[in-house]
Amino acid sequence: MKIVITEFVTLDGVSQGPGSPDEDTSDGFARGGWLVPHMDPAFVRRASDWLDLADGLLLGRRTYEAFARDWPQITDPADPFAERMNTLPKYVVTNTLTEGTWNPTTVLKGDAVQAVTDLKARPGRELQIHGSSRLGDSLLEAGLVDTLRLVVAPAVLRSGRRLLTRAGTPSGLRLRGHEATPNGLLLLEYEVTGQAPRAEYQGVAALT
């Protein structure tokens, strides 16, 4: 399976609490709900298309517990995401939980990189990371991520947990798709290409 990160971020890279003011107030974060004013039908369609590609969800413990609390409460049959979110296989990377409450759930204990490496070797399409920024960042640094999908909101929060903060090997990306929605969300899809290349600028003539 491919490992795919799907994340909502602000222009300054904050990924914490996109959906509501009280979604994630850890570390005193009080600026949640920043994605919602910019959501529109174009975003919903694209996010639904992305979710169609998932054969499972890969989550860290914090995101898993929040999703397990909130998603089962969404019972509107017209909701474009709830049925799939609630029925897809969930894999939670944790050494503190012994079992899941949001079925079907598999608890992955021990070394996260090795556990995900084993999952990645299985046949299938995409194993998608939603939220779980620290897990996604660690797997990107370990070279296990194939695709990075970002929904960039036109907002600068100047506080909150950011998506990519780990030290380690730089990651190179190739832009595979981009789209701007009417309400100003920028939808970006990147293929992970290995280590980020570097070069020295030698003038415009060298670029042609």
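Residues numbered from 1 in each chain as written. Predicted model: local features only at pLDDT ≥ 70, side-chain atom pairs only at ≥ 80, totals over all residues. Heavy atoms only, no water.

J.: Describe the sheet that holds strand β3 (residues 90-93), listing the residues and the values that go with them.
T.: Working definition: the strands of a sheet are paired by backbone hydrogen bonds and lie parallel or antiparallel to each other. Spatially, eight strands are ordered β4-β3-β2-β5-β1-β6-β8-β7 in an open sheet, and the strand pairing comes out mixed. One side of each edge strand has no neighbouring strand; the edge strands of this open sheet are β4 (105-108) and β7 (171-180). Strand after strand, the sheet turns through a mean of 25° between neighbouring axes, direction not considered. Relative to strand β8 (residues 186-195), strand β6 (residues 147-153) runs antiparallel, the two sharing six bridges. By the bridge assignment for β8, Arg149 is matched with Glu189. Contacts from helix α2 (residues 61-70) reach β2 (54-60), β3, β4 and β5 (126-130) within the one sheet, and its direction differs from that of β2 by about 115°. (Pairing = 2+ DSSP bridges. Helix = DSSP H or I, 4+ residues; strand = E, 2+ residues; numbered from the N terminus. Axes fitted to C-alpha atoms, helices over the stretch in contact; angles between N-to-C directions. Contact = heavy atoms within 4.5 Å.)

J.: Can you tell me about the UniProt feature "domain: Bacterial bifunctional deaminase-reductase C-terminal" (unreviewed entry) in the chain, naming the residues and giving the values?
T.: Following the UniProt record, the feature "domain: Bacterial bifunctional deaminase-reductase C-terminal" (unreviewed entry) maps to residues 2-187 here. Taken end to end, residues 2-187 has its terminal C-alpha atoms 20 Å apart, with 25% of it in helix and 26% in strand. (UniProt positions renumbered as here; feature names shortened; annotations may be inferred.)

J.: Would you mind going over the packing of aromatic side chains in detail, with residue names and values included?
T.: In this structure the tally under the stated criterion is three aromatic pairs. Ring centres of Phe8 and Phe43 lie 5.8 Å apart, and the angle between their planes is 70°; this geometry places the pair in the edge-to-face category. Here Phe8, found in strand β1 (residues 2-10), pairs with Phe43, found in helix α1 (residues 41-52); they are 35 residues apart in sequence, far enough to count as distant. Take Phe8: its relative accessible area is 26%, and that puts it in the partly exposed class. In this structure Phe43 comes out as buried when scored by relative accessible area, which is 3%. Here the aromatic rings of Phe67 and Trp102 are separated by 6.2 Å at their centres, their planes lie at 90°, and the arrangement is edge-to-face. (Phe/Tyr/Trp six-rings, centres within 6.5 Å; stacked < 30°, edge-to-face > 60°. Buried < 20%, exposed > 50% of the residue type's maximum accessible area, 1.4 Å probe, protein only.)

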